[in-house]
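So you can see what is in the structure, the chains are spelled out below.
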Amino acid sequence: MNAHRFPPDKFYNPCSALPMHLRRRSPHVILLLVILLAGGALRFYKVGELPPGLYRDEAYYGLDALRVLGGDFALYFAANNGREGLFIYALAAGVALLGRTPEALRATSAAIGLLTIAAMYFAGRQMFSPRVGLLGAAILAVNFWHLALSRVAFRAITLPAVLCLAVALAFAALRAASPSRRARLAGLAGFTFGLTLYTYTSAQLVLALLAVGGALTWLTVARSADDPVIWRRPALAFILGLALALAPLGLWLTRHAELYFARAGQVSIFNPAISGGDPLGMLGTNLAKVAGMFFLQGDRIWRHNLALRPVFDGWLGPAFVLGLVACVRRPWTSRSASVADRIGAPFALLWLVVMLIPTALAEDAPHFLRAVGALPAACLLAAVGLEQGLAWLSRRGLLVGLAGLLRYRVSPPAFLATLVLLISAVNTTNDYFNDYVRRDLTRYWLEAHNVQLAQLINAHAAGQSCCPALPATAIWLQDRLANDNPALRFLAGERWTSVSDGEASRPPAAQPVLLIVDPNHSWAALRARLPTPATLRVLEGPLAQGDNDPAPRRAFIAIRAEPAAHAAQALADFEGGIALLAAEVRPADAEGTRYAITLTWQTSQPIGEDLAVFVHWLRGGPQPIAQADGSPAGGYLPMPAWRVGDQIVDERTVQLPDRARAGDVVRVGIYRREDNYRLRVRGTGDDSVMITTLR
């Protein structure tokens, strides 16, 4: 044999880079463990924190998990367009362990994602070879689509896991030598295939996959040298296992079929509201988008994907195409191979095509949740393509130079496969952790503002429980924020009182109040019902943007109303009865270029016009080098809304061009907007007051 050619063993040994004592110890298990460790690290790193937020679907799942923990055991959960129950029961275990937190939901999803990688190995091993199983598991582990889905709590994550396990069991049954073992594995496979219908809506197509795949298998058996009679018992066991798993769902469907199929009808291209009356035209467009999702443009929805990122990067995309070609060309009619070997390639193609149907027949194609059942098949095809491509290079002696460089310590095909996977892993890690989770649109589409709202409520509720000697804070939440907010209900329970403009009653003056409102709508009546006299402080919430909003908006603001302390001597009394009670200047960053300035105001009489406050930072002259002008408290507590006796905390930030210097001066004043007239300070006649001199 030519020394520069590689015998099959050289490429087929995936552990050629390992020391000899490790090669003797189940090399595939060792490599699988490495893949699982890498996949687990990607999926569990800051899993409750990144990506930020908790989308309403995730929160509804969490609420259903709480119902399960409360004893409400349902087969199908009706809220939010209905949801299959398998994922809910898995979440219940996570919530029982980690509480009502995003980590509880998303860690469960990450665990299922990790199990899917292991199931992928066994499916690839049984369908093709251990090597394809390892490559398929590694490709799935570093795939952006699966990583993103594993780090949010969508029930779709369960479909690939159960489907991979079912396929692995089915092909294991085809390979089993013992008739009794073959029947047992077939029964387990049928039961597991039935469980897929308890995972996600797209699993309804699994029955079509079984119908066509079963016909393909039976045709292959009929053309084989085996006696077809020996396959009847496994076929019967498979059907019985499938029927056993589907029986509860079938009985439930006799009374709730409309609920179960409603969601598919809402998004179908055959719904005129979706297709505009042209379902065939939309189907053609969808098919083109679905075909291109693997290496051109993927899902545009930020909850599922870094918008438009294809399934495979530039390194694994060609492998996927090569795998498609290899499986199409692979002969499966030969009688010399086993049934499993002969139907592995066509079943992989069938698996891909059938499980892409849900997104091809619905809006927003390609939709990575609806197409998720096809993800394992796509990774297996990429694994086949990677294997075939490297074997082709090896057979033609095109890796001779690399062999000399490596000196046979590592087989060149194995080295190149590892290199491709490592590059793909780096691309995925960078795209996810340095790009996707940092995007504003990711935060908006996953409704991160609701997590921050729940944290605000929990912090105030926890504060009153930690200090029972202090009066409890009454938490008022405007009804438009409270209604239809499953994330808030899951994360914060019922620790607030929902209020509307006409319903809020004024609490005792001694009780603190946290009023949380949507500043984009009227809330003046609620503000007027806050206790008085009080110290009012505004807490500004984050920005948010709904799917159809043209621009971001302020998600919420909170007004903290506490009993007003006795006012000390005012720093300055301005015209119109306006007093500056206190002022504080403090650094807001380590560089000393940003300063937070807190002013406390009070009025002795109603103010009829919206006056503005100016804060000027002066350095060696009358012209400010930085300033922060505007209505008090970010405009949420304008002067006409001030009540006599209240103390208004006005916080603002000044950005300096460089570090503060000795001799810098901060001056504060009030002016009319229409003519820039500055109110005078009583007793001095000045138009401003110096609140600090930096030394």
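Note that this is a predicted model, so its numbers are computed, not measured.

1. Let's talk about the overall build of the protein chain
Helix and strand counts for the protein chain come out as 24 helices and 17 strands. In the protein chain, which comprises 695 residues, the share counted as buried stands at 53%. Within the protein chain, contacts between residues separated by at least 24 positions form 72% of all contacts whose residues are at least 6 apart in sequence. Entry remark: accessible area of the protein chain is about 30,100 Å², with carbon and sulfur atoms responsible for 59%.

2. A closer look at the packing of aromatic side chains
Tallying each qualifying case throughout the model produces 23 aromatic pairs. Centre to centre, the rings of Tyr 55 and Phe 154 are 6.3 Å apart; their planes meet at 90°, and the pair counts as edge-to-face. A residue pair is termed long-range when its members are at least 10 positions apart, and Tyr 55 in the loop between α3 (27-44) and α4 (56-69) and Phe 154 in the loop between α8 (144-150) and α9 (158-175) qualify at 99 residues. Between Phe 294 and Phe 312 the ring centres are 6.4 Å apart and the planes differ by 20°, which places this aromatic pair in the stacked class.

3. Here we look at the pairing of strand β12 (residues 594-603)
In terms of burial, β12 is largely enclosed, as 9 of its 10 residues are buried. With antiparallel pairing between neighbouring strands as the criterion, strand β11 (residues 578-587) and β12 make up a hairpin whose turn holds 6 residues, including Gly 592 at a positive phi of roughly 80°. Bridge count between β12 and strand β15 (residues 647-655): 9 bridges; the pairing is antiparallel. In the strand pairing of β15, Thr 600 is matched with Val 649.

4. Examining unusual backbone geometry
At the junction of Leu 50 and Pro 51, the peptide bond is cis and its omega measures out at 0° in the coordinates. Cis geometry marks the peptide bond from Ala 365 to Pro 366, where omega comes out at -5°. Of note, Pro 366 is situated in the loop between α16 (339-360) and α17 (375-395).

5. A short note on the pattern of salt bridges
Tallying each qualifying case throughout the model produces 27 salt bridges. One salt bridge connects Glu 387 with Arg 131, and the closest N-O pair in it is separated by 2.1 Å. In this pair, Glu 387 is assigned in helix α17 and Arg 131 in helix α7 (residues 130-141), connecting sequence segments 256 residues apart. Among the salt bridges present, the one from Asp 431 reaches Arg 309, with a minimum N-O distance of 2.9 Å. Of this pair, Asp 431 sits in helix α19 (residues 412-433) while Arg 309 sits in the loop between α14 (279-292) and α15 (317-329), and the two are 122 residues apart along the sequence. Each member of the pair, Asp 431 as well as Arg 309, is classed as buried.

6. Some thoughts on the sheet that holds strand β4 (residues 497-499)
With respect to topology, 9 strands assemble into an open sheet ordered β4-β3-β5-β9-β6-β15-β12-β11-β10, the strand pairing being mixed. Each edge of the sheet is formed by a strand with only one pairing partner; in this case those strands are β4 and β10 (572-574). Within the sheet, the average angular offset between the axes of one strand and its neighbour, ignoring direction, is 25°.

7. Considerations on helix α5 (residues 86-98)
Helix length check: α5 (13 residues) gives 19 Å between terminal C-alpha atoms against 18 Å at 1.5 Å per residue, within 8%. When α5 is considered as a whole, its buried residues turn out to be Phe 87, Ile 88, Leu 91, Ala 92, Gly 94 and Val 95. Buried residues along α5 sit against α4, β1 (76-77), β2 (83-84), α6 (102-127), α9 and α23 (486-492).

8. Quick notes on the confidence of the model for the protein chain
With 89% of its residues at a pLDDT of 70 or more, the protein chain has an overall mean of 89. Contacts from residues 1-24, a stretch scored under 50 in pLDDT, to residues over four places away or in other chains number 39 contacts.

9. Notes on the nonpolar core
Of all hydrophobic cores here, the largest spans 161 residues; its most connected members are Phe 193, Trp 351 and Ile 516. Looking at this core, the element that brings in the most residues is α16, giving 14 residues. Those residues in contact with Phe 193 that lie beyond four places of it in its chain are Leu 163, Ala 166, Val 167, Ala 170, Val 206, Leu 210, Phe 238 and Leu 242. Trp 476, Leu 536, Ala 633 and Leu 679 belong to the second largest nonpolar core, which has 45 residues in total.

10. Re the environment of Thr 285
Assignment of secondary structure puts Thr 285 in helix α14. Put simply, Thr 285 and Ala 360 are 75 residues apart on the chain and 8.9 Å apart in space, counted from C-alpha to C-alpha.

11. A word on a nonpolar patch on the surface
A cluster of nonpolar side chains, namely Phe 295, Leu 296, Val 321 and Val 325, defines an oily patch on the protein surface of about 340 Å² accessible area. On the basis of relative accessibility, which here comes to 36%, the residue Val 321 falls in the partly exposed class.

Parameters at a glance
Residues numbered from 1 in each chain as written. Predicted model: local features only at pLDDT ≥ 70, side-chain atom pairs only at ≥ 80, totals over all residues. Heavy atoms only, no water. Helix = DSSP H or I, 4+ residues; strand = E, 2+ residues; numbered from the N terminus. Buried < 20%, exposed > 50% of the residue type's maximum accessible area, 1.4 Å probe, protein only. Contact = heavy atoms within 4.5 Å. Areas by Shrake-Rupley, 256 points an atom, 1.4 Å probe, with all protein chains shown as cover. Phe/Tyr/Trp six-rings, centres within 6.5 Å; stacked < 30°, edge-to-face > 60°. Pairing = 2+ DSSP bridges. Salt bridge = Lys/Arg side-chain N within 4 Å of Asp/Glu carboxyl O. Axes fitted to C-alpha atoms, helices over the stretch in contact; angles between N-to-C directions. Expected span 1.5 Å × (residues − 1). pLDDT = per-residue confidence, 0-100. Core = buried A, V, L, I, M, F, W, Y, C linked by side-chain atoms within 4.5 Å. Patch = residues over 30% accessible without salt bridge, like charges linked within 9 Å, V, L, I, M, F, W, Y side chains within 5 Å.

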